[in-house]
Amino acid sequence: MHYNHYGREPVRLGVGLLNEPCASAADLGRRCAAAGLVLPGPPTEADLASVTAFLARWRRVVECADRPGRAELLNALLADYASAPRLTDHAGDGWHLHFRDPGVATDRQIAALITVGTALHLTGLGMDRLGACAADGCAQVYADTSRNGRQRFCSPACANRSAVRRHRASRATAG
């Protein structure tokens, strides 16, 4: 499989890591491998701690509804984790761009991938295509890859529960 390093997959990886935090460094390694990410070595507990701290900053980008504010937060992450693009065929799976320096540590590689992927996702599809679930009591986040760009919930289950709540509330008000 040729991994699209900066397509929608990095954003999905970030969403998955936020919605279901890793229990261990080995878990982080498995999830990155499942996403197609070629890491320089197995993640350490220090990498997991660093990625967890990065994800807390990235969550602020996800939850920011103000477009200029979102851009400012994401620009700060880009300044911290990304570098000038360069061509590489490091895994022998075809030439592609990296927006990070060669030999960067595992934690920074994951952060760069998610940060640049998010920037390309938002600039390509729209600045509102990332968010926190609108369902009451849900803390999950989502990356909107829908055709119409109107996703507000993390899952169909949350959308359905919210629709049922609205319907019941309208019936109670009417009755």
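Throughout what follows, the structure given in this document is the object of discussion.

1. Some points on the packing of helix H1 (residues 8-19) against helix H5 (residues 106-125)
Where H1 meets H5, the axes come as close as 7 Å, and the angle between the chain directions of the two elements is 120°. Of the two elements, H1 crosses H5, and the hand of that crossing is left-handed. Of the residues in H5, those in contact with Pro 10, Val 11, Leu 13, Gly 14 and Leu 17 of H1 are Leu 113, Ile 114, Gly 117, Thr 118 and His 121. Here the residues of the contact of H1 with H5 sort into 6 nonpolar, 4 polar and no charged.

2. What to know about the side chain of Asp 27
Take Asp 27: it is sitting in helix H2 (residues 25-34). Classification of Asp 27 by relative accessible area gives buried; the value is 15%. Setting aside its immediate chain neighbours within four residues, Asp 27 contacts Pro 21 and Cys 22.

3. Brief notes about helix H4 (residues 67-81)
With 15 residues, H4 extends 21 Å between its outermost C-alpha atoms, agreeing within 8% with the 21 Å of an ideal straight helix rising 1.5 Å per residue. Looking only at H4, the buried set comprises Gly 69, Arg 70, Leu 74, Leu 77 and Tyr 81. Buried positions in H4, seen along its axis, are confined to an arc of 125° and lie on one side of it. Summarising the geometry of H4, the exposed residues directed more than 90 degrees from the buried face are Pro 68, Glu 72 and Ala 79. Each element contacted by the buried residues of H4 is listed here: helix H3 (45-63), H5 and strand E3 (130-132). With a side-chain oxygen lying 2.7 Å from the backbone nitrogen of Gly 69, the N-terminal cap of H4 falls on Asp 66.

4. What to know about the nonpolar core
Leu 28, Phe 54, Leu 55, Trp 58 and Ile 110 are the most contacted members of the largest nonpolar core, which has 31 residues in total. Elements supplying a minimum of two residues to this core: H1, H2, H3, H4, H5 and strand E4 (141-143). Excluding residues within four positions of it along the chain, Trp 58 makes contact with Val 11, Gly 14, Val 15, Leu 18, Leu 77, Ile 114, Thr 118 and Leu 130.

5. As for the side chain of Arg 129
Counting through the fold element by element, Arg 129 comes out in the loop between H5 and E3. Beyond its immediate chain neighbours, meaning those up to four positions away, Arg 129 contacts Arg 70, His 121, Leu 122, Ala 143, Asp 144, Thr 145, Ser 146, Arg 147, Asn 148 and Gly 149.

6. Focus on H1
For H1, which comprises 12 residues, the first-to-last C-alpha distance of 16 Å matches the rise-based estimate of 16 Å (1.5 Å per residue) to within 8%. Buried positions along H1 lie against H2, H3, H5, E3 and E4.

7. Details of the pattern of salt bridges
Should their charged atoms come close, side chains of opposite charge can pair. Overall, the coordinates contain 7 salt bridges when judged by the stated rule. Two residues, Asp 101 and Arg 86, come together in a salt bridge whose shortest N-O distance is 2.9 Å. Of this pair, Asp 101 sits in the loop between strand E2 (96-98) and H5 while Arg 86 sits in strand E1 (residues 86-88), and the two are 15 residues apart along the sequence. Its relative accessible area of 42% is what places Asp 101 among the partly exposed residues. Its salt-bridge partner being Asp 144, residue Arg 129 comes within 3.6 Å of it at the nearest N-O pair. Residue Arg 129 is found in the loop between H5 and E3, and its partner Asp 144 is found in the loop between E4 and helix H6 (156-174); the two are separated by 15 residues along the sequence. There is no split in this pair, since Arg 129 and Asp 144 are both buried.

So, how was this worked out
- Residues numbered from 1 in each chain as written.
- Predicted model: local features only at pLDDT ≥ 70, side-chain atom pairs only at ≥ 80, totals over all residues.
- Heavy atoms only, no water.
- Axes fitted to C-alpha atoms, helices over the stretch in contact; angles between N-to-C directions.
- Helix = DSSP H or I, 4+ residues; strand = E, 2+ residues; numbered from the N terminus.
- Left-handed = near helix turned anticlockwise from the far one by under 90°.
- Contact = heavy atoms within 4.5 Å.
- Nonpolar A, V, L, I, M, F, W, Y, C, P; charged D, E, K, R; others polar.
- Buried < 20%, exposed > 50% of the residue type's maximum accessible area, 1.4 Å probe, protein only.
- Expected span 1.5 Å × (residues − 1).
- Arc of directions from axis to C-beta.
- Polar contact = N/O pair within 3.5 Å; in protein donor to acceptor, adjacent residues only side chain to side chain.
- Core = buried A, V, L, I, M, F, W, Y, C linked by side-chain atoms within 4.5 Å.
- Salt bridge = Lys/Arg side-chain N within 4 Å of Asp/Glu carboxyl O.

By themselves these figures say nothing about function.
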